[in-house]
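If you want the building blocks of each chain, they are given just below.
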Amino acid sequence: MTVLTQDILDASQKRLRKLINTTGEAHAECCDRGLTSERDKLRKVQAHLMMAEAEAGNIVIPADGGEISTRSGDK
């Protein structure tokens, strides 16, 4: 079992942000290639990922008498 630490939380949020950015790049490529159906699906996927990022952005996890906060500094 993995113990959730601030570093793990930050790394996970960075990976999610990278996935969001990659999806945006794939969306642009589909536009350039005229793949409209795939383009539209990628935009939906990106929107869901962004909603997940927003929802997870304010997670607070108590740890050994302290708190783990999000990258934005919220606790």
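Residues numbered from 1 in each chain as written. Predicted model: local features only at pLDDT ≥ 70, side-chain atom pairs only at ≥ 80, totals over all residues. Heavy atoms only, no water.

1. Thoughts on the pattern of salt bridges
When the charged atoms of two side chains with opposite charge come close together, those side chains can pair. Our working definition: When a carboxyl oxygen of Asp or Glu lies within 4 Å of a side-chain nitrogen of Lys or Arg, that pair is called a salt bridge. Helix and strand labels come from DSSP, where a helix needs a run of H or I of at least four residues and a strand needs a run of E of at least two; each type is numbered from the N terminus.
Evaluation of the coordinates by the stated rule reveals three salt bridges. Where Glu53 meets Arg17, a salt bridge forms, and the shortest distance between an N and an O atom there is 2.5 Å. Here the residue Glu53 occupies a position in helix H2 (residues 36-56), and Arg17 occupies one in helix H1 (residues 6-33), the gap between them amounting to 36 residues. Salt-bridge contacts for Arg39 lead to Asp40; the nearest nitrogen and oxygen are separated by 2.9 Å.

2. Some words on the state of the cysteines
Test applied: Whenever a pair of cysteine sulfur atoms sits within 2.5 Å, that pair is classed as a disulfide. Burial classes follow relative accessibility: with a 1.4 Å probe on protein chains only, a residue under 20% of its type's maximum area counts as buried, one over 50% as exposed, and anything between as partly exposed.
Tallied over the full model, the rule gives zero disulfides. There is no disulfide at Cys30, and the cysteine sulfur nearest it, in Cys31, is 7.3 Å away. Residue class for Cys31 comes out partly exposed when judged on its relative accessible area of 38%.

3. Digging into the packing of H1 against H2
Quick reminder of the rule: In this description, a line fitted to the C-alpha atoms serves as the axis of each element, helices being fitted only across the stretch in contact, and the angle between N-to-C directions of two axes falls anywhere from 0 to 180 degrees. By the definition adopted for this analysis, an angle is roughly parallel if under 35 degrees, roughly antiparallel if over 145, roughly perpendicular if from 65 to 115, and oblique otherwise. Left-handed describes a crossing in which the near helix is turned anticlockwise from the far one by less than a right angle; the clockwise case is right-handed. Between two residues, a contact is recorded if the distance between any of their heavy atoms is within 4.5 Å. Here the nonpolar group is Ala, Val, Leu, Ile, Met, Phe, Trp, Tyr, Cys and Pro; Asp, Glu, Lys and Arg are the charged ones; every other residue, Gly included, is treated as polar.
Running from N to C, H1 and H2 point in directions that differ by 160 degrees, and their axes come no closer than 9 Å. Relative to H2, the element H1 lies roughly antiparallel. Where H1 crosses over H2, the handedness of that crossing is left-handed. Where H1 approaches H2, its residues Gln13, Leu16, Arg17, Leu19, Ile20, Thr23, Gly24, Ala26, His27, Cys30 and Cys31 are matched on the opposing element by Glu38, Arg39, Leu42, Arg43, Val45, Gln46, Leu49, Met50, Ala52, Glu53 and Ala56. Tallied by class, the residues present in the contact of H1 with H2 amount to twelve nonpolar, five polar and five charged.

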